[in-house]
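# Structure assessment
Read off the chains here:
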Amino acid sequence: MLKIDTHAHWFPPEWVDLIAREGAANGAEVEKSEQGQVTMVAPGIRLKPSFKATYVDIPTRLKLMDEGRVDMHALSLTSPMVYWAPPEFGLKLSRVFNDACAAAHLKHPGRFVGMAMVPMQAPALAVQELDRAAKLPGIRGAYMATHVNGKNLDEKEFWPVYQRCEALGMPIFLHPVAPAGGERMRKYHLGNFLGNPYETGIAAASLVFGGVMDAFPKLDVMLPHAGGTFPALIGRMDHGATVRAECKHLPRPPSSYLRRFHYDTIAHSDRILLNLIRQVGADRVVMGSDCPADMGYTRPVDVIERLGELSAGERDSIVSGNAARLLHL
């Protein structure tokens, strides 16, 4: 049984090198130490990405995977992604990442697949890169932020990207970047603790209320961090849809869309994770770790295996089968 981690971040060395060479000319603050360590701050994004070996070096990553009993990582970028950049540089960053994922897959076909990055700040270029990346070996989905430079995901300008993902059979995996309300979450790491799950809830609700999930019925979308606030607050949305004029267009209750999404296992609470599984069904949950972030799991397989309330079949589906289906493995 292939143990598949769907939420694992990677900055390819080629991507970091491109940032070091051209990032400053494209709006980022970039520094390079005497030891060659690159740091950056992207416009409008406070969080500095880590370019430590755990995020960049493939042999280091393989060691972490083996220690965590994980067979395969679906590799993805994380904050700051590429939307901060001018469109052409965003496309260049996307291509470098996608090509690196394909190379990692070819070298380690049983260990890595890639989630394509596309420049959503320029939807036409995003479609162009989707078409190119879909032909690369090992690319199994698309990775997107929960908003695009402050625009929610239901904006019509993004619909051609969703249409192309649906046509290509590429699932979309979401991840927060620059959460809403960041000014009030500067202290205590609240931007991560609270901001990330809030962001996921906003994104999922936008896709539902904005008609995206109805317009593209075969589109698969995976929500990070156990769905964030979306499954927990679905009752408020169900009630609101019956009393608020802004929601009268919705053809059915918001809760009926819960199973249109997949959810990763990063809840940091066995009780909350088990509740999610019972709420949406074990067949809609896939293993994730957030590797190698300090807010992730180091042993994500153990998280599933210790849920004694699940059947062996349900545990196997979450650790392996559901992701294999979603990623067309």
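Our subject is the structure that appears above.
A brief structural summary. Counting starts from 1 at the beginning of each chain's written sequence and moves along it residue by residue. With the structure being a predicted model, the display of local features is reserved for residues of pLDDT at least 70 and the display and counting of side-chain atom pairs for 80 or more, all residues being used for whole-chain, interface and lining totals. Side-chain metrics in this entry use all non-hydrogen atoms of the structure; hydrogen atoms and water are not considered.

## Some words on the packing of helix H4 (residues 87-107) against helix H5 (residues 123-133)
How we decide: Where helices are involved, their axes are fitted lines through C-alpha atoms of the stretch in contact, as for all axes, and angles between N-to-C directions lie from 0 to 180°. Only DSSP runs of H or I reaching four residues or more are called helices, and only runs of E reaching two or more are called strands; each is numbered from the N terminus. Angle categories are assigned with fixed cut-offs, so that under 35 degrees is roughly parallel, over 145 is roughly antiparallel, 65 to 115 is roughly perpendicular, and the rest are oblique. Helix crossings are classified by the rotation of the near helix relative to the far one: an anticlockwise turn of less than a right angle makes the crossing left-handed, while a clockwise turn makes it right-handed. Every residue pair with non-hydrogen atoms within 4.5 Å of one another is taken to be in contact. Under the convention adopted here, Pro, Cys and the residues Ala, Val, Leu, Ile, Met, Phe, Trp and Tyr are nonpolar, Asp, Glu, Lys and Arg are charged, and Gly plus all remaining residues are polar.
Two elements in contact, H4 and H5, have axes whose closest approach is 11 Å; the angle formed by their N-to-C orientations is 15°. By the angle between their directions, the pair H4 and H5 is classed as roughly parallel. For H4 against H5, the interelement crossing comes out right-handed. Contacts between H4 and H5 involve Pro-87, Glu-88, Leu-91, Ser-94, Arg-95, Asn-98 and Asp-99 from the former and Leu-125, Gln-128, Glu-129, Arg-132 and Ala-133 from the latter. Grouping the constituent residues of the contact of H4 with H5 by class yields four nonpolar, three polar and five charged.

## Observations concerning the environment of His-262
Our working definition: Throughout this description, buried means an accessible area under 20% of the type-specific maximum (1.4 Å probe, protein chains only), exposed means over 50%, and partly exposed covers the range between. Between N or O atoms, a polar contact is any pair within 3.5 Å; within protein, one atom must be a potential hydrogen donor and the other a potential acceptor, and residues adjacent in sequence are included only when both atoms are from side chains.
Looking at the secondary structure, you find His-262 in strand E9 (residues 261-264). Looking at His-262, the relative accessible area reads 1%, which means it is buried. Separated by 88 residues in sequence, His-262 and Leu-174 place their C-alpha atoms 10 Å apart. A polar atom in the side chain of His-262 sits 2.9 Å from the side chain of Arg-325.

## Examining the packing of H5 against helix H6 (residues 159-168)
Between H5 and H6, the shortest axis-to-axis distance is 9 Å and the interhelical angle comes to 15°. Viewed along their axes, H5 and H6 adopt a mutual orientation that is roughly parallel. Regarding H5 and H6, the two cross each other, and that crossing is right-handed. Residues Pro-123, Ala-126, Val-127, Leu-130 and Asp-131 of H5 lie in contact with H6, whose contacting residues are Pro-160, Val-161, Arg-164, Cys-165 and Leu-168. Per-class residue counts for the contact of H5 with H6 are eight nonpolar, no polar and two charged.

## Quick notes on the nonpolar core
Grouped burial of nonpolar side chains is what soluble globular proteins tend to show. Note the following rule: Put simply, a nonpolar core is a bunch of buried Ala, Val, Leu, Ile, Met, Phe, Trp, Tyr and Cys residues held in one set by side-chain atoms that sit within 4.5 Å of each other.
The biggest cluster of nonpolar side chains holds 109 residues, and the ones touching the most others in it are Trp-84, Tyr-162, Phe-230 and Phe-261. Per-element tally for this core: the top contributor is H4, with seven residues. If we ignore the near neighbours within four places in the chain, the residues touching Phe-261 are Ala-204, Leu-207, Val-208, Met-213, Val-221, Leu-223, Phe-230 and Arg-284.

## A few points about unusual backbone geometry
In this chain, Ser-79 is followed by Pro-80 through a cis amide linkage whose omega measures 20°. Looking at where Pro-80 falls in the secondary structure, it is placed in the loop between strand E4 (72-76) and H4. Note that the residue after Cys-291, namely Pro-292, is joined by a cis bond; omega there is 0°. By secondary structure assignment, the location of Pro-292 is in the loop between strand E10 (285-286) and helix H12 (300-305). For His-189, which is not glycine, the phi dihedral falls at a positive 65°. Residue class for His-189 comes out partly exposed when judged on its relative accessible area of 39%. Positive phi, normally seen in glycine, also occurs at Ala-226, with a value near 55°. Tracing the chain through its elements places Ala-226 in the loop between strand E8 (221-223) and helix H9 (229-232).

## Considerations on the packing of aromatic side chains
In plain terms, the rule: Classification of ring pairs rests on two measures: the distance between centres of Phe, Tyr or Trp rings, Trp counted by its six-membered ring, which must be within 6.5 Å, and the angle between planes, read as stacked under 30 degrees, edge-to-face over 60 and tilted in between. Throughout this description, the term charge over a ring refers to an Arg CZ or Lys NZ atom that lies within 6 Å of the ring centre and within 35 degrees of the ring normal.
Throughout the structure, instances matching the rule amount to nine aromatic pairs. Ring centres 6.3 Å apart and planes at 55° place the aromatic pair Trp-10 and Phe-97 in the tilted group. Here the residue Trp-10 occupies a position in the loop between strand E1 (4-9) and helix H1 (13-22), and Phe-97 occupies one in helix H4, the gap between them amounting to 87 residues. Judged by relative accessible area, which is 0%, Phe-97 ranks as buried. Seen in terms of ring centroids, Phe-11 and Tyr-55 are 6.0 Å apart; in terms of plane orientation they differ by 40°. Their pairing is tilted. Highlighted residues: Phe-11 in the loop between E1 and H1 and Tyr-55 in helix H2 (residues 53-56), separated in sequence by 44 residues. Like Tyr-55, Phe-11 is buried. Cation over ring: Arg-252 sits above Tyr-257, and NZ or CZ is 4.4 Å from the ring centre.

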